[in-house]
Every structure is written in structure tokens, then in C-alpha cells.
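Coordinates in review
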Amino acid sequence: SILTEYWTVAERNARLLPFEGVLLWNRVLWMGVALLLSGFCVWRFSFSAFASERATKADKDPVRAEPTPVRTEPVEVPARNTPVRTELVEVPARVGPRLRQAQPERNVILPHLIWLNFRETTKNIYFGVLVLAGLLFMIFASTTVGDVFGTSTWPVTFQMVELVSGSFSLFMIVIITFYAGELVWREREQRLDQIVDALPTPTWLPLVAKLVALMLVPAVLEIVLMATGIGIQLSKGYTRFEIPVYLQALFGIDFVQYALFCALAITVHSVVNHKYLGHFAMIVYFVVLGFAGQLGLEHHLYPTVYSDMNWWGHFMPRLRSFQMYWTAASMLMLVAAHLLWTRGTSSGGRERIRLARARLNGATLAFAGASFVAFVALGGFIFYNTNILNQRRQADYEKKYKPSAAQPQMKITGVTLDVALYPADQRVRVRGRYTLQNKNAVPVSTINLTFLQGPKLDIHELAIGVPNRLIEDDKGIGVRRYELDEPLAPGATTSLSFDIEQATHGFTNEGSNTAVVFNGSFVNAVALLPSLAYLERAELERDQDRRKFGLAPKERKRDRDDVRGLQINPLSPDADWIGFDATVSTEADQIAIAPGYLQREWTEAGRHYFHYKMDAPILNFYAFQSARYAVRKDRWNDVAIEVYYQPGHEYNLASMIESVKASLAYDSRNFGAYQYRQFRIVEFPRYEVFAQSFPNTIPYSELIGFIARVRPDDENDIDYPYYVTAHEAGHQWWGHQVVGADVQGGSMLIETMAQYSALMVMKRKVGEAKMRKFLAYELDRYLTGRAFEQKKELPLSRVEDQPYIHYRKGSLVMYALADYIGEDKLNQAVRKFRDANAFKGPPYPNTTQFIAALREVTPPELQYVIHDMFERIVIYDNRAVSATAKPLTGGRYQVDLKVFAKKRVADELGREKDVALADLIDVGVLDDKGEPLVIERRKIDREEMSFSFVVDRKPV
Ligand SMILES: [Zn+2]
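Values in this document were obtained by computation on a predicted structure and should not be read as measured data. (Residues numbered from 1 in each chain as written. Predicted model: local features only at pLDDT ≥ 70, side-chain atom pairs only at ≥ 80, totals over all residues. Heavy atoms only, no water.)

Notes on the overall build of the chain
- What the chain contains, in helices and strands, is 27 helices and 25 strands.
- Put simply, the chain has 956 residues, and 52% of those count as buried.
- Looking at the chain alone, contacts between residues at least 24 apart form 74% of all its contacts between residues at least 6 apart.
- For the chain, the exposed area adds up to about 43100 Å²; of that, 60% sits on carbon and sulfur atoms. (Helix = DSSP H or I, 4+ residues; strand = E, 2+ residues; numbered from the N terminus. Buried < 20%, exposed > 50% of the residue type's maximum accessible area, 1.4 Å probe, protein only. Contact = heavy atoms within 4.5 Å. Areas by Shrake-Rupley, 256 points an atom, 1.4 Å probe, with all protein chains shown as cover.)

A few points about a nonpolar patch on the surface
- Together, V272, L277, F280, V284 and V288 give the surface a local cluster of nonpolar side chains, amounting to about 410 Å² of exposed area.
- If you tally residues by element for the nonpolar patch, the top one is helix α13 (residues 275-290), at four residues.
- Looking at the element boundaries, V288 is found in helix α13.
- For V288, a relative accessible area of 41% translates into the label partly exposed. (Patch = residues over 30% accessible without salt bridge, like charges linked within 9 Å, V, L, I, M, F, W, Y side chains within 5 Å. Salt bridge = Lys/Arg side-chain N within 4 Å of Asp/Glu carboxyl O.)

Some details on the coordination of the zinc ion
- Only H727 (NE2), H731 (NE2) and E751 (OE) from the protein coordinate the zinc ion, and they sit 2.0 to 2.1 Å from it.
- Motif for the zinc ion, donor spacing along one chain: H-x3-H-x19-E. With H727 in helix α22 (residues 720-731) and E751 in helix α23 (residues 746-787), the pair connects residues that are 24 residues apart, well separated along the chain. Like H727, the residue E751 is buried in the burial classification. (Donors = N, O, S within 2.8 Å, 3.2 Å for Na, K, Ca; no water.)

A word on unusual backbone geometry
- Residue P842 is bonded to the preceding G841 through a cis peptide linkage, with omega at 0°.
- Mapped onto the elements, P842 comes out in the loop between α25 (823-837) and α26 (847-857).
- Following P842, the chain continues into P843 via a peptide bond in cis, with omega recorded as -5°.
- By secondary structure assignment, the location of P843 is in the loop between α25 and α26.
- Although it is not a glycine, N696 sits at a positive phi angle of roughly 50°.
- Tracing the sequence through the fold places N696 in the loop between β16 (678-684) and β17 (697-701).
- The backbone phi angle of D801 is positive, close to 50°, even though this residue is not glycine.
- For D801, a relative accessible area of 46% corresponds to the partly exposed category.

Quick notes on the packing of aromatic side chains
- Across all of its chains, the model carries 36 aromatic pairs by this definition.
- Measuring from centroid to centroid gives 6.1 Å for W311 and W312, while their planes differ by 75°, and the two rings are edge-to-face.
- On the basis of relative accessible area, W311 is assigned to the partly exposed category, the value being 39%.
- For W312, a relative accessible area of 6% gives the class buried.
- Ring centres of F621 and F694 lie 4.8 Å apart, and the angle between their planes is 40°; this geometry places the pair in the tilted category. Of this pair, F621 sits in the loop between β12 (607-613) and β13 (623-627) while F694 sits in the loop between β16 and β17; the two residues are 73 residues apart in sequence, bridging distant segments of the chain. (Phe/Tyr/Trp six-rings, centres within 6.5 Å; stacked < 30°, edge-to-face > 60°.)

Regarding the nonpolar core
- Counting 127 residues, the largest nonpolar core has L417, L529, Y622, F624, F850 and F870 as its most contacted members.
- The element that contributes the greatest number of residues to this core is α23, accounting for 14 residues.
- When residues of this core are assigned to domains, at least three map to each of domain 3 (403-538 + 572-620) and domain 4 (872-956).
- Discounting chain neighbours no more than four positions away, the residues touching F624 are L417, V419, S521, F522, V523, A525, A582, V584, I593 and A594.
- V184, A209, L221 and A265 belong to the second-largest nonpolar core, a separate cluster that totals 61 residues. (Core = buried A, V, L, I, M, F, W, Y, C linked by side-chain atoms within 4.5 Å. Domains from an automatic or database assignment.)

So, the confidence of the model for the chain
- Here the chain averages 83 in pLDDT, and 83% of its residues register 70 or above.
- Ignoring residues within four places in sequence, the model shows residues 295-301, a span with pLDDT below 50, making 11 contacts including any to other chains. (pLDDT = per-residue confidence, 0-100.)

Focus on helix α8 (residues 125-141)
- Taking 1.5 Å of rise per residue, the 17 residues of α8 would be expected to cover 24 Å, and the 24 Å separating its terminal C-alpha atoms lies within 8% of that figure.
- Listed as buried for α8 are F127, V131, G134, L135 and M138. The buried residues of α8 occupy an angular sector of 95° when the element is viewed end-on, so they sit on one face. Turned more than 90 degrees off the buried face of α8, the exposed positions are I125, V129, L132, L136 and F140. (Expected span 1.5 Å × (residues − 1). Arc of directions from axis to C-beta.)

Some remarks on the sheet that holds strand β10 (residues 591-593)
- Reading across from one edge, β8-β13-β10 is the order of the three strands in this open sheet, with antiparallel pairing throughout. The strands lining the two open edges of the sheet, one partner per strand, are β8 (521-524) and β10. On average, adjacent strands in this sheet sit at an angle of 10° to one another, irrespective of strand direction.
- Across four bridges, the pairing between β8 and β13 is antiparallel. Paired with N524 across the two strands is A623, which belongs to β13. (Pairing = 2+ DSSP bridges. Axes fitted to C-alpha atoms, helices over the stretch in contact; angles between N-to-C directions.)

Let's talk about the pairing of strand β14 (residues 630-636)
- With seven bridges joining them, β14 and strand β15 (residues 639-645) adopt antiparallel strand pairing. Across the sheet, the residue bridging to R632 is V643, located in β15.
- Adjacent in sequence and paired antiparallel, β14 and β15 are bridged by two residues, among which N637 carries a positive phi angle near 45°.

Notes on the sheet that holds strand β1 (residues 411-422)
- Spatially, β4-β7-β2-β1-β9-β12-β11 is the arrangement adopted by the seven strands of the open sheet, whose pairing is mixed. Both outer strands of the open sheet, β4 (457-464) and β11 (597-604), are each paired with one neighbouring strand and no more. Each strand axis lies, on average, 15° off the axis of its neighbour in the sheet, ignoring direction.
- Note that β1 and strand β9 (residues 575-587) share eight bridges and pair parallel. What sits directly across from V415, in β9, is F580.

Quick word on the packing of helix α11 (residues 204-235) against helix α14 (residues 315-340)
- The N-to-C vectors of α11 and α14 enclose an angle of 130°; their axes lie 9 Å apart at closest approach. Of the possible angle classes, the one that applies to α11 and α14 is oblique. The two elements α11 and α14 cross, and the hand of that crossing is right-handed. Facing W204, L207 and L211 of α11, the residues of α14 in contact are L334, A337 and H338.
- Counted by class, the contact of α11 with α14 contains five nonpolar, one polar and no charged residues. (Parallel < 35°, antiparallel > 145°, perpendicular 65-115°, else oblique. Left-handed = near helix turned anticlockwise from the far one by under 90°. Nonpolar A, V, L, I, M, F, W, Y, C, P; charged D, E, K, R; others polar.)

Considering the environment of F178
- Note that F178 resides in helix α9 (residues 157-189).
- Taking relative accessible area as the criterion, F178 reaches 24% and is therefore assigned partly exposed.
- Considering only alpha carbons, one finds F178 and G278, 100 residues apart in sequence, at a separation of 9.8 Å.

Section: the side chain of D667
- Relative to the elements of secondary structure, D667 occurs in helix α20 (residues 653-671).
- Although D667 lies buried, it forms no salt bridge, and the closest oppositely charged side chain, R669, sits 8.5 Å away as judged by the N-O distance.
- Setting aside its immediate chain neighbours within four residues, D667 contacts G672, A729, G730, W733, S757 and V761. (Lys, Arg positive; Asp, Glu negative; His and termini not counted.)

Let's talk about helix α27 (residues 863-871)
- Turning to α27, its buried residues are V865, I866, D868, M869 and F870.
- Elements in contact with the buried residues of α27: α23, α24 (803-821), α26, β18 (873-876), β21 (903-906) and β23 (919-926).

With respect to the environment of T327
- Examined against the element boundaries, T327 turns out to sit in helix α14.
- Of note is the side chain of T327, whose polar atom sits 2.6 Å from the backbone oxygen of Q323. (Polar contact = N/O pair within 3.5 Å; in protein donor to acceptor, adjacent residues only side chain to side chain.)

Description of the pattern of salt bridges
- Evaluated as defined, the whole model comprises 57 salt bridges.
- With a closest N to O distance of 2.9 Å, E539 and K402 form a salt bridge. Taken together, the residues E539 in the loop between α18 (525-528) and α19 (543-548) and K402 in the loop between α17 (390-401) and β1 connect sequence positions 137 residues apart.
- The class for K402 is partly exposed, based on a relative accessible area of 35%.
- Between E936 and R938 there is a salt bridge; the shortest N-O distance is 2.6 Å.
- The exposure class of R938 is partly exposed, given its relative accessible area of 26%.
- A cluster of three or more residues bridged by salt bridges with shared partners is formed by D425, R427, R429, R431, D499 and E501.

Listed below in C-alpha cells is the structure:
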């Protein structure tokens, strides 16, 4: 996909895959490999290989295996059978008493049979080859585990577990499927079946022996996998092995799955009663499983997430319920396997059914009945716990309440909260009070509240400060509407008090509630607290989902100049700038955090309380966190820096703190003072992989930097904990000082600007050469992003929350602009824009004002750059075609360079057309470290041009 990865929708529709270059060689290479492999197989393959190899060994084994006294027992042949047929005898009924006497022998036979079957399975070359191939594949995969920006993470145990269980699972499934067939058919293929089946052992004995033997295979392989994981960790110089994590993941989770799978494979093979049809049935099963999602049959058997902070948290009860459910199902399947187990030469369908009926005795019935009851009960339990009604709720919300979005609403001006977190039972209760003000030019007569949690939320109490009447209480969707007896005049204030609770009852099909967890709670206020605005974010986004519920496709954002959009900001649609005060309580040994400065901390009735208060206005945008944190503290001038982290995750704290200091220094020098006296980074479990800036507080996923392994001496590694920290620090200005309107381009003012701050801070630390590496990633992600665009690509100044534009393209544009007009001049413009808009709104600014500020500092000959970068979609295809270096006297070199340049403008759907080129483009020569020997900005107005430079050192 190297050739097509950047194709836009329009190109995918119109272009044919060129059969040349990389693609051609790739096909040649792999077809060659395939031919070689097939050739080797043809040469080596013998149709009798399996049978003969095993027969020689097995010829002796079963004989030796059967204890002598049993072997000589006479066999009772049922009268209704012809004498030739050695068909068996329903043991429990007829030979039962005798076998009961032989109990001690049976206790010996079973383990013996298991061992025999197990050895037969594992002691052959094919098994060895499969396992070895799996291990090699795994070790190969381990080289890129957890890569972010080409930079690896520490091989922490959960990464290893995911690696080994993920990359080996295919091999495990192949092994189990294949050997299930081999085991079931072993005696028959060796023509020993009539002898073995004639033995007066119960029919279930070989079945159980084969099943247990097959289950031993994954059990042993899990040990091998664990050793491999530890070996990979050792080879990377990591020694904090977490054996309990390995055991739980590989045995408590994966092995159970494989064991269930063994039961399925054995059942299929004994029921189908044809070896290759059996294999085929298993393949069909996998194909169906693979497409289950698309068929609408998602099977949510094992989505669990491990976090160093929270282990498997509340995923476990759900996982165990599913495991028990499928175990019950497997028991039922095994009963079927037992009933239809082929013994002797009876293989006709009717005869098998007759036999099955004969085998269906009291014990079997009881076993089947118990399994069935468990299956149904557990299934009911799971069904009770799951729900998939979310989409319908979203659609109904839009249909029923979008019209009321036009009614003028009160805005929040102050928030006082008492948040009680109960991590052990995944519960949170909030008592709060909003101060409300009518900021409209017209009276407000209704208050419409949205509760995003809908029916999951218990509203214990809700009161408005003026007389009112509840006119709608839609608990299913999560909407309450009140009519005020007396409309509130413009400027009038009132209050809203509430007491709400979100408890987690059981589990859902989608996963666990990961907001409040044992260790590492992260509750986003917008998801929990009542909102006074109609929330567009709660609407269904994707057109295909919308169509399902009869909703028209929707635009992602309002137009850049939309009058209503300019009145609200995207972070808190029901408030502008507010006062904030929150008391958060949690379990005694945890630390709870909310934005603001700690006023008081105390313990009461076994709970830990923290009172936070802000002394300057913030957006209505905050979260609450709680965990058993360790804290690292530092200072920058009079700003206290604190990192709250999971003990053991110390790797990148120094880098993060250094980044905080560098960012505070750069951003406050260039964009105005930092508005707080404190800067906090707070780790949360990897249920989500992002960092997010709230006022003076930055929740930061354990996976996005805490376990990164940045090797300072590796020129390819990018210190992304440093980068992510600088980006989030930038948001304290871009988002928390200046926030754009909720219109097209709004996310450029927040995300692109945070990116810009981060890039400038990073550039000072790592130098220009490494920045080019980073920007190459950004370019790649931009081009990939636009290839996957579902609706339309927009110019940067009209971006509609499209990450590949506001982050990736934004990085490239701002970095290039700083280069074109100079960082100082650019910062001057940015500062002017910031000063005009900080802590202001409504109306909130849009990108028109921002770009106007840029144009003021841009010289006339570069105005076209602003237009190209922000107002349209321009793609360059610039490259050096050839370069020759001639040594001159004094160690100097003359470099002759031929370059190719092309400029294309794309429309929203990615249709591109060439445009005339008359651009200033950097042309230069680099040394072998990627540092420039010379770079000059030249006017390029033809597709092919030649340049000549003289440089002081040897060029690359
Ligand atoms: Zn951001």
C-alpha cells in the first residue's frame, strides 16, 4: 500500500494501480518465495508421511499403554449386531459393575491415556516447526512493540503479554485445530480403532483423555510464551518482570479461551465424523468469527484492558461471567461429542443416532441438564448486563430536542461542587450549585437540561432558584425541561442546585465503565454534570449511523462566520468564563484532583477530602481524578510543578518536567504570562490514549509517555513525552486563555496553536535536523489522514475537528511560516491576536482575525504563502532529481543540483489540478548528519531547474 496510501477518495476512484516500481518488485519477491516454498513442499511431501511416521511409533505405544488385565476381558457383543462388527457396548450399562471394581485401574488409565495422546501430539517435527515459526514471528514483532513516532516503549509486562498472546494466537489456533483432528482420528488412521474400541473402557474415557491432552498443548505453550516474553524483556535490558501479570493474562485469560476452543474443536471433529470436513467446519467458524462484526454479530468475549494503575479493574467480573457462560456452552457441546463419539465401525448416521440414544443415560442427562441450566442462567445474566441502545438514544435526542436548541438559555457563571468518588464500587455522587445568568438580549422562560449519562444517572434532587414547573422529564434520553413562572430578564441571575449520582450496575457489552475505577479514576465533568445547552456532540456523527435512524447527513461544523456559532466556544457551550470551587473526596489512601489550588486537605470517616478553588475565571471545562499516586515536585519561577504518577512509571518524569519548564518559559515570553501558579500532570490508566489540558491540570494517559523509552543517543528516537507535554502546556494559552468560536477553524486556534508552541519548544531542545524527522511523521500522517477522509478535506482555516489537519498539517504550516517570515515576526502577530482575545468572548474570535494578524507581519512577496497555507489545499511534489559533487581546492566542493517541483491545488474531495509555480522554495545541501551545509530560498518557476553551490565540507 506504499503506492496508494496517500490517495484521496477522488484518486482512488479514478486511478489505476501502476504495476511498476515497489509494487512490481514486491510481487516478484513474494511470488518467488511462494514458488520456492511450494517447490520445497512438493519435493518433501509424501502422502503417507503422517500415517507411517506415527504408525511406527504408535504401533507399540497403545499396546504398552493398556493395562494387561483389562485387555483380556471378554467383550460382550450385543445380540442385535452381526458378529463381524466389533462395535461397542455401552459400557456403563453392561460392564459398569465390572469397571467399578476396576476403578483403581481407571484412575491409572486416564492419566496414562492423556500423557500418551499429549506425547503423540507434541513429539513430531510438524509441531516443532509450527511452534518455532510462531516464536520467530513473535520475536520479529517485538522489535516494533508500542512504537510511537518510531520511538519504542519500555517492554513493560503488559506490552509483552499483548505481544505474545496477540502474535502467537494464530499459531495456537492452527495448532489446536490441526491436532484436534489428528487426535480424534488417531486410532482410526492407524487402524487400531477396532482394538482400542473393543476395550471395555467407558466411551467418555478416550474423549476426555484426548480433550485434556489437547488442552495441555496450549498450557505448555503458555509457559513457553511466558519464558519468551521474559527473554525479550531481558534482551532489551528490562528486569521488572511482573510474574502475576503474566500468569493472569496467559493462564487466567488466554488459556481459558484456548481450552474452550479445544472443546469446540474436539466436538466438531467427533460430530462431523470426517477429518477434512471437520477442518473445513473449523475454518468456516473462523471466517464467520472474523466477519462477525460486519454481520452484526459482534462477539464481545474478551475485550479487557490491563493498566499498570488499575490492573484488569472492573473488567474481571465481566470476563469471568463470559468465561463461565462459554464453559457451560462447551459442556453442552461435549455431551454432544460424547453421544456421537464414534466407537468401533459404526459410522452410519442412523446408527450413530441410535447409539447416541443408548448412551443418553441418567448421568449424561444430569450433566447435560446442569450445563444447560448454567448456560441459560449465565446467558440471561449477561444479557441483563449488556445494552446496545446508545445509538437509538442519540438519534432520539436529536429528533426530539434539537428544535428546543433555538430557545434562549441561561449561561453558567459560577460552579461549586462536592464530588464524592467511590472507586471500589465505581460510583460517583455530586452535589453542586451553578450560578446562572441571562446573557441574552431577550428574557429566558425555559431551562433545558441535558444529562449525557441518561438513564444511568440518578437525579436525587434538582432545584432552580426561581419558581418553576417541570414540563418534561425524559429519563430514557436524559433530558429535563422546566418552565419558569416568571421569565428572567436580560442580566438577571438565579441558581441551579442538584444532587446526582452515577452508579455502575454490572457491566455492559461495550466494556467496563472506566471513569471511576479501583485505581486511576478520571471523570470528565461534561460527561456527568447537567448541561444547559443542547449538546451537538451527543448527536450521531457518522452518516451511515444517521441514515439508520432516518436522520439527514449533517455538517461537522457551522460556517466560519455563523452568527450563533460566534456566540459560543467549543469547550463549554453553556458557559463563558466561570468561577470554580470543588471539594473532591475519595478513598483514604488515594489523592483526588480537580483544577484549582488546594485550600484544605483532611480525612473524615475513612475518606480523603480535597478542597480546590480557582482564583481566576476558567472555562466550564474540567475533570476529576483519583488514584494512589506518587508525586514528583519541581518549580519554575513561582510556578509549582507537580507530576502525579503510578509508582514504577518514573522513566520520563524528568523529561516531562524539563518540557514544562521550557514551555512555560517560551510561551510566557512570547504569548503573555502563564495565568496560574501551578502546573500539574496527572496520570490515568490506558483506557484512553491521550493527554488533555484542563486549567492548570493535565490528565495524561499512562500509554502516551509514561513508559516511552527514548534513547537520547538514537538519532531516530523522538522524545514524545517531551513533545506531548509541550503541546498540553501550549493549551494553557491556546484553549484556556484564547478560545475560538465553535465554528469552522475553531480547532486551528486551539490545536494548531498548541502544536506550534510545542514545535518551537522542541526545536530548541533537539535541533533542526531532528525536527525535520518529526515533521516527516507529521507529513506522513497528514497525507494518510486526507486519504481516509470520509466527508471532505478543508483548508486549515476552515478545519472541522479533523485531527490530520489541525494537528498534522497545522504543524507543517506553522513551522514553515516561522521559517518564511521569521519566528519573531510570527510570534509578534500571534501575541497581538492573543492580547486582543485572551479571557474574552462572546463573541469568540475565528480564524479570519487570526489570519489578518498574520498578514500584517508578512511581506508582500510572501502573502501568497498565507493564502496557500490557510485558505486552500496545496500539495507540493518537490524533490532533487540528481546531484553531483566535485571536489575543489581547500576541501571545498561544488555541488550541481537538478530539482523537480510541482504545485497542485486540491478540492474538498481530493481532485487535484496542477497550478503555475512561482514560489520561493528552499534548496540546499546537507551533510551526512542531516545538518544543512547550505540552504537558500530560491524562486522556482519551472518544473525542472538546476542550481550550483559551493560548500565547505563533504556533502552527503
Ligand atoms: Zn491538543
